[in-house]
Amino acid sequence: MSLPLAPRENTGPRDTGPLIRIETDRRLGHEWDEWDGEPLPNAGDFTSTGARYFLFTALGLVIVAGVLSLGVFLLAPRLAALVSWLPRALYAGLAAFVALGLIWLMLIGIAFVTGRAVLPERLAERGLLLRTVNLAWRVGELFGVQRDWTDHASVVVYDRLALARSRTVSADELLILIPRCLSRASLDGVLDIARRHNVSAFVATRGQLARRVIKERRPKAVVAVACERDMISGLHDVAGRVPVLGLTMQLPNGPCKDASIDIAKLEEFVQKYLRPGSKKS
Ligand code: SF4
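Since this is a predicted model, take the numbers as computed values, not measurements.

### Structural notes on the overall build of the chain
At step 1: Regarding its fold elements, the chain presents eight helices and six strands.
At step 2: Starting at the N terminus, the α and β elements of the chain follow one another as β-β-α-α-α-α-β-α-β-α-β-α-β-α.
At step 3: Counting contacts in the chain only where the partners sit at least 6 residues apart, residues at least 24 apart contribute 75% of the total.

Rendered as structure tokens:
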């Protein structure tokens, strides 16, 4: 097992042993720039089902089509002056867009409920799904739902779809990516799993470094740990190139410090990807 580290960028480091070092002071990731210093809702635990993703994505499709229809309606006289059938064609296109979007969402829902791979990856978690998650949290915010709840729901749906694929890799083809904000106990848990399964674990202090690690190590699969909003941005960057399972964290002391994770779930994800009996060369 190797545990290379991302460069350290701050003062006040605490040397925690020969393999790994963590920062003890809080340094906000840019995803949390607007944090006001107040405790996070529900002590930073945004656990939720996938339902919010489906609800807000469906609403988002309807809202987008509604806004575009309004635009067509307002411009209809001018459009009709150009080509008489143009407004009708645009209305029909928008209706088709909503219908196809809702059918796609229904297929994602079937895959989610049954745990079966209904659609190819590019039409599901490694493609179209990722294009809709920002729509989902933005619609959620329109209804007063903080984005982390919706992002958590989106990651739940993403993972469920990713888990439905029967992909396994050897230990040296798998990578565990963790953020710099884990609590000591969680970090020890990750290291224990990495050691027992002989898998490399990297601390990636920023998405950019995570991308670099993936480019250099060329893993065939990744288990990534991050807060909800960093996970969504990381999945956008990486999931199209390499299969990823994402584990979100709890932030009892606010963002970017002392985060905790479900260690059992992390191990479940690692085992899901590991080919039985595979050994690191
Ligand atoms: S993963 Fe941790 S360090 Fe990165 S933005 Fe989220 S809370 Fe902050």
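Past the structure itself, the notes keep going.
### Observations regarding the nonpolar core
At step 1: Ranked by internal contacts, the top residues of the largest apolar core, which has 75 residues, are Y53, I108, L174, L177, L182, V244 and M249.
At step 2: Take this core: its biggest share by element is seven residues, from helix α4 (residues 147-163).
At step 3: Once you skip the residues sitting within four places of it in the chain, M249 turns out to touch G44, P179, C181, L182, V225, A226, C227, E228, A259, S260 and I261.

### What about helix α3 (residues 128-142)?
Because an α-helix completes one turn every 3.6 residues, residues spaced three or four positions apart along the sequence face the same direction.
At step 1: Look at α3: 22 Å from first C-alpha to last across 15 residues, which is about the 21 Å you get at 1.5 Å a residue.
At step 2: Residues of α3 that are buried include every one of L129, L130, T132, V133, A136, W137, V139 and G140, and no others.
At step 3: Contacts from the buried residues of α3 go to α1 (51-82), α2 (86-114), α4 and α7 (228-238).
At step 4: A positive backbone phi angle near 80° is found at G144, which sits one or two residues after α3.

### Focus on a nonpolar patch on the surface
At step 1: Among the surface-exposed residues, L70, F73, L74, L75 and Y91 lie close enough to one another that they form a single nonpolar patch of about 530 Å² accessible area.
At step 2: Along the chain, F73 falls in helix α1.

### A closer look at the environment of D159
At step 1: Locating D159 in the fold gives a position in helix α4.
At step 2: The class of D159 is buried, set by a relative accessible area of 7%.
At step 3: Each C-alpha atom of the pair D159 and E125 lies 8.0 Å from the other, and the pair is 34 residues apart in sequence.
At step 4: If sequence neighbours within four positions are ignored, D159 has contacts with L245, G246 and F269.

### A look at empty space enclosed by the protein
Rolling a probe over the atoms, with the probe sized like a water molecule, indicates the empty space that remains.
At step 1: Enumeration over the complete set of coordinates arrives at three cavities of 30 Å³ or more.
At step 2: Empty space within the second largest cavity amounts to approximately 40 Å³.
At step 3: Around the second largest cavity, the lining residues are E121, E125, R126, Y158, A162, R165, R167, P243, V244 and Y273.
At step 4: Across the lining of the second largest cavity, the residue classes break down as five nonpolar, no polar and five charged.

### As for the sheet that holds strand β4 (residues 200-203)
At step 1: With parallel pairing, four strands are arranged side by side in an open sheet as β4-β3-β5-β6. In the strand order of this sheet, the two ends are held by β4 and β6 (244-248), each with one partner. Within the sheet, the average angular offset between the axes of one strand and its neighbour, ignoring direction, is 20°.
At step 2: Pairing analysis gives four bridges linking strand β3 (residues 174-178) to strand β5 (residues 221-226), with the strands arranged parallel. In the strand pairing of β5, I176 is matched with V223.
At step 3: Across the face of the sheet, helix α8 (residues 263-273) comes into contact with β3, β5 and β6 while running at roughly 175° to β6.

### Regarding the site of the ligand
At step 1: Close contacts around the ligand come from W32, P179, R180, C181, C227, D230, M249 and C256, and that covers them all.
At step 2: Within the shell around the ligand, the residues separate by chemical class into six nonpolar, no polar and two charged.

### Some details on the pattern of salt bridges
At step 1: Per the stated rule, a full pass over the model turns up twelve salt bridges.
At step 2: Across the pair K220 and E173 runs a salt bridge whose closest N-O atoms are separated by 3.0 Å. In this pair, K220 sits in the loop between α6 (207-217) and β5 while E173 sits in the loop between α4 and β3, placing the two residues 47 residues apart along the sequence.
At step 3: Note on K220: relative accessible area 47%, which makes it partly exposed.
At step 4: Salt bridges sharing partners connect three or more residues here, namely E34, D148 and R229.

### Focus on the packing of aromatic side chains
The geometry of an aromatic ring pair is captured by two quantities: the separation of the ring centres and the angle between the planes.
At step 1: Applying the stated criterion across every chain yields a total of four aromatic pairs.
At step 2: With 6.3 Å between their ring centres and 10° between their planes, F56 and F143 make a pair best called stacked. Here the residue F56 occupies a position in helix α1, and F143 occupies one in the loop between α3 and α4, the gap between them amounting to 87 residues.
At step 3: Relative accessible area serves as the criterion here: at 6%, F56 is assigned to the buried category.
At step 4: Owing to a relative accessible area of 51%, F143 belongs among the exposed residues under this scheme.
At step 5: Counting every residue linked through ring pairs, the aromatic cluster contains Y53, F54 and F112.
At step 6: Positioned over the ring face of W137 is R147, at 4.1 Å from the centre of the ring.
At step 7: Lying across the ring of W32, R229 places its NZ or CZ 3.7 Å from the centre.

Criteria and thresholds
The numbers attached to residues start from 1 for each chain and follow its sequence in the written order. The predicted origin of the model limits local features to residues at a pLDDT of at least 70 and limits the giving and counting of side-chain atom pairs to 80 or more, whereas totals for whole chains, interfaces and linings rest on all residues. Only hydrogens and water are set aside; all other atoms, that is, all heavy atoms of the structure, feed into the side-chain values. Under the DSSP-based scheme used, a helix requires at least four consecutive residues in state H or I and a strand at least two consecutive residues in state E, with every element numbered from the N terminus. The contact criterion used throughout is that any non-hydrogen atoms of two residues lie within 4.5 Å. Put simply, buried Ala, Val, Leu, Ile, Met, Phe, Trp, Tyr and Cys residues joined by side-chain atoms within 4.5 Å make one nonpolar core. Throughout, exposure labels follow a simple rule: accessible area from a 1.4 Å probe, protein chains only, divided by the maximum for the residue type, with under 20% read as buried, over 50% as exposed, and the rest as partly exposed. Expected span of a helix: the number of residues minus one, times 1.5 Å. Exposure above 30% relative accessible area and the absence of a salt bridge qualify a residue for a patch, where like charges join within 9 Å and nonpolar side chains (Val, Leu, Ile, Met, Phe, Trp, Tyr) within 5 Å. Working definition of accessibility: Shrake-Rupley area with a 1.4 Å probe, residue cover restricted to the visible protein chains. Think of a salt bridge as a Lys or Arg side-chain nitrogen and an Asp or Glu carboxyl oxygen that are within 4 Å of each other. With a 1 Å grid spanning the protein atoms alone, the term cavity applies to any set of points in which a 1.4 Å probe fits but cannot get out, the term pocket to an open set with protein on both sides within 12 Å along at least five of seven lines, and the term lining residue to any residue with an atom within 4 Å of a point. Grid points are joined across faces, edges and corners, and a volume is the space filled by probe spheres set on the points. Three classes are used, and their members are as follows: Ala, Val, Leu, Ile, Met, Phe, Trp, Tyr, Cys and Pro are nonpolar, Asp, Glu, Lys and Arg are charged, and the others, Gly among them, are polar. A pair of strands is considered paired only if DSSP assigns at least 2 bridges between the two. Angles run from 0 to 180 degrees between N-to-C directions of axes, and those axes are lines fitted to C-alpha atoms, restricted for helices to the stretch in contact. For this purpose, a residue is taken to be near a molecule or strand whenever a single non-hydrogen atom of the residue falls within 4 Å of it. Note on aromatic contacts: the rings of Phe and Tyr and the six-membered ring of Trp form a pair at centre separations within 6.5 Å, being stacked when their planes are under 30 degrees apart, edge-to-face when over 60 apart, and tilted otherwise. Only when the NZ atom of a Lys or the CZ atom of an Arg is both within 6 Å of the ring centre and within 35 degrees of the ring normal do we say a charge sits over the ring.

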